[in-house]
Amino acid sequence: MSKLPEIIQNHEEGIRSEWLKAMSTTVRRSDLMTDSEIQSQTRELLAAIVAGVKSRDITDLDAQAWTQTREVLQSISASRARQGFTPSETTMFVLSLKQPLFTVIRKELSKTPDIVFDELWAATLLLDKLALLTTDAFLETREQIIFRQQQELMELSTPVVKLWEGILALPIIGTLDSARTQVVMESLLQAVVQSNSRIAIIDITGVPTVDTLVAQHLLKTITAARLMGAECIISGVRPQIAQTIVHLGIDLSGVITKARMADAFALALQRSGRAVVATQNGAGAKKQEAKKEE
Amino acid sequence: MRSTKRETLPIATSADVVLARQKVRQWAIEMKFTLVDQTKLVTAASELARNALDHGKGGHMVVEAVENTARTGLKLTFEDRGPGITDIEAALRDGFTTGGGMGLGLGGSKRLVNDFHIESQPGKGTRITVVRWK
Ligand SMILES: Nc1ncnc2c1ncn2[C@@H]1O[C@H](COP(=O)(O)OP(=O)(O)O)[C@@H](O)[C@H]1O
Ligand SMILES: [Mg+2]
């Protein structure tokens, strides 16, 4: 029968203070976590481990007796993932418990050296398992964070901007998945009605990928806007996107496209019978600018 | 063709399609594909991943860096256990769709890559393999 449960129970406080000392500064990361936080985390985890070893089964961490330990480790890993710790820093937090535990085992069993090795081995197995649990929980939280950020990006609302009387602009940033496109389309159509606009510029500079689904959504929006008396101009069509659209076989011949938003705006002004002209004062500035560009 | 690095990603939700695109872009950049080639690879991945999700009920994507005696390339495999494609020739035809799409995803992605290969068994699933060489 392993003496490990007894040893851990009897030396809980001693192990804990040695553990805190053994934690190197990289694991402590006092820049990310307060001292009281780490105090309470070590106390909580060690108490949970004591509860676990009481079951006398230190190999099967899936067992009921280890539920508390699993939960504590999960919450510690999760908070560390959010605080910006690296996976190895988080795992080292648990592994740095080895040294203090080994010291106590050797001291306690100094009279029975023949079983020291077995107990050290049992302690190693236990801590390695705890460390693996920690890593898994850490990675899971990280994945959740990434997933949530992605959802947020997808659901980013798209502002409809009034550029001029009768001219709207809709800069789209992010991935145009179907849920978001529905929102984009509705807000544009609504704004067209409200502002009685005749021209809408849809800028796709911030859309990383234009595939057939995105194109289909854009074409539907354009058709719907047309039915309401507004013409759409697509701007921000970069050369690589234009090439890809051609390879995909998407027919944009009925759509006005421009490489830059500025070109689209100039066209929109022209179509609505307006033009931007340099004033007397501005003429000099414009010449200078032209010179600079040369 | 020898594979030097590979990774598998699930395609089970719409967010996975986004992740698949990001992964392909990341690898294409690391392998120093030109911007146009990066865009072609990412767009083909987007089409095929979405097909695996929408028509094939989900599956996975394998990304591989490959090389032969002459050059290196990026190989993508999309595998699902959906209904399969009964008439591959028809499915490849531009404008053919059974789901209200544009019907340009298969034919289009074939034009965006160098090698394109479909294996499909009705009732069992579909595997589409594409390679773009540098
Ligand atoms: N992974 C797949 N599993 C089953 N059927 C597929 C799969 N991929 C494509 N298809 C079939 O081929 C057709 C054409 O695909 P595609 O060219 O991408 O057009 P779309 O997705 O717009 O319908 C689909 O409508 C579908 O019937
Ligand atoms: Mg498709």
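Look up a bit, the structure's there.
We now turn to the structure provided with this report. Numbering of residues starts from 1 in each chain and follows the order in which that chain's sequence is written. All chains are assigned letters beginning at A, and all ligands numbers beginning at 1, according to the order in which they are written. Since the coordinates come from a predicted model, pLDDT governs what is reported: local features require at least 70, and pairs of side-chain atoms require 80 or more to be given and counted, while whole-chain, interface and lining totals use all residues. No hydrogens and no water enter the side-chain calculation; it runs on all heavy atoms of the structure.

## Things to note about the layout of surface pockets
Working step 1: Each pocket or cavity is described by its volume, and for the largest pocket that value is around 710 Å³.
Working step 2: In this analysis the probe radius is 1.4 Å and the grid spacing 1 Å, with only protein atoms considered; a cavity is a set of points the probe fits into but cannot get out of, a pocket is an open set with protein on both sides within 12 Å along at least five of seven lines, and lining residues have an atom within 4 Å of a point. Lining of the largest pocket is provided by 34 residues; of these, B:N51, B:H55, B:T97, B:T98 and B:L106 occupy positions nearest its centre.
Working step 3: Only DSSP runs of H or I with at least four residues qualify as helices, and only runs of E with at least two residues qualify as strands; both kinds are numbered from the N terminus onward. Tallying contributions element by element places helix α2 (residues 35-54) of chain B first for the lining of the largest pocket, with 6 residues.
Working step 4: Here the term charged refers only to Asp, Glu, Lys and Arg, the term nonpolar to Ala, Val, Leu, Ile, Met, Phe, Trp, Tyr, Cys and Pro, and the term polar to all other amino acids, Gly among them. Its residues placed into classes, the lining of the largest pocket shows 12 nonpolar, 16 polar and 6 charged.
Working step 5: Grid points are joined across faces, edges and corners, and a volume is the space filled by probe spheres set on the points. A volume near 410 Å³ is recorded for the second largest pocket.
Working step 6: Taken together, 13 residues form the lining of the second largest pocket, with A:E143, A:I146, A:Q150, B:L9 and B:L19 sitting closest to its centre.
Working step 7: At the level of secondary structure, the elements contributing two or more residues to the lining of the second largest pocket comprise α8 (113-155) of chain A together with β1 (2-11) and α1 (14-30) of chain B.
Working step 8: For the lining of the second largest pocket, a count of residues per class yields 5 nonpolar, 3 polar and 5 charged.

## Topic: the packing of aromatic side chains
Residues and elements named next belong to chain A.
Working step 1: Here a Phe, Tyr or Trp ring, Trp counted by its six-membered ring, pairs with any other such ring whose centre lies within 6.5 Å, and the pair is stacked when the planes are under 30 degrees apart, edge-to-face when over 60, and tilted otherwise. Per the counting criterion, the structure on display carries 1 aromatic pair over all chains.
Working step 2: When the ring of W19 is compared with that of F93, the centres are 5.1 Å apart and the planes differ by 40 degrees; the resulting orientation is tilted. Taken together, the residues W19 in helix α2 (residues 12-22) and F93 in helix α6 (residues 87-95) connect sequence positions 74 residues apart. Assigned by exposure class, W19 and F93 land together as buried.
Working step 3: A ring is scored as having a charge over it whenever the NZ atom of a lysine or the CZ atom of an arginine sits within 6 Å of its centre and within 35 degrees of its normal. In this structure, R80 is placed above the aromatic ring of F85, and the distance from its NZ or CZ to the ring centre is 4.6 Å.
Working step 4: Taking NZ or CZ as reference, R80 lies 4.3 Å from the ring centre of F93, over its face. For every residue, the accessible area obtained with a 1.4 Å probe (protein chains only) is divided by the maximum for its type, and the residue is called buried under 20%, exposed over 50%, and partly exposed between those limits.

## Describing the sheet that holds strand β2 (residues 167-173) of chain A
Residue and element names in this part refer to chain A.
Working step 1: Strands qualify as paired when DSSP identifies two bridges or more between them. Taken in spatial order, the 5 strands make up an open sheet running β1-β2-β3-β4-β5, and their pairing is mixed. The open sheet has two edge strands with one neighbour each: β1 (161-164) and β5 (256-258). Each neighbouring strand pair of the sheet contributes to a mean axis angle of 30 degrees, computed without reference to strand direction.
Working step 2: The sheet contact formed by strand β4 (residues 231-235) and β5 spans 3 bridges and is parallel. Counterpart to S235 in the pairing with β5 is K258.
Working step 3: Where helix α12 (residues 261-271) meets the sheet, its contacts fall on β1, β2, β3 (199-206), β4 and β5, and the angle it forms with β3 comes to roughly 175 degrees. Here the axes come from fitting lines to C-alpha atoms, over the contacting stretch only for helices, and the angles between their N-to-C directions go from 0 to 180 degrees. By the convention used here, residues are in contact when the closest approach between their heavy atoms is within 4.5 Å.

## Some details on the site of ligand 1
Residues and elements named next belong to chain B.
Working step 1: Every one of the 18 residues lining ligand 1 counts as a neighbour, but N51, H55, D80, T97 and T98 are closest to it.
Working step 2: N or O atoms within 3.5 Å of each other form a polar contact, as long as, within protein, one can give a hydrogen and the other can take it, and as long as residues adjacent in sequence are counted only when both atoms are side-chain atoms. Here an oxygen atom of ligand 1 and a side-chain polar atom of T98 are 2.5 Å apart.
Working step 3: Take L106: an N or O atom from its main chain is 2.8 Å from an oxygen atom of ligand 1.
Working step 4: Methods summary: accessible areas were calculated by the Shrake-Rupley approach with a probe of 1.4 Å, and residue burial reflects only the protein chains presented. The protein chains hide 93% of the 530 Å² of surface that ligand 1 would expose on its own.
Working step 5: With respect to the detected pockets, ligand 1 is housed in the largest pocket.
Working step 6: By residue class, the composition of the shell around ligand 1 is 6 nonpolar, 11 polar and 1 charged. Any residue with a non-hydrogen atom lying within 4 Å of a molecule or strand is treated as near it. Just a note on the criterion: a molecule sits in a pocket or cavity if more than half of its atoms are within 2 Å of the grid points.

By themselves, these are just geometric observations and shouldn't be taken as functional.
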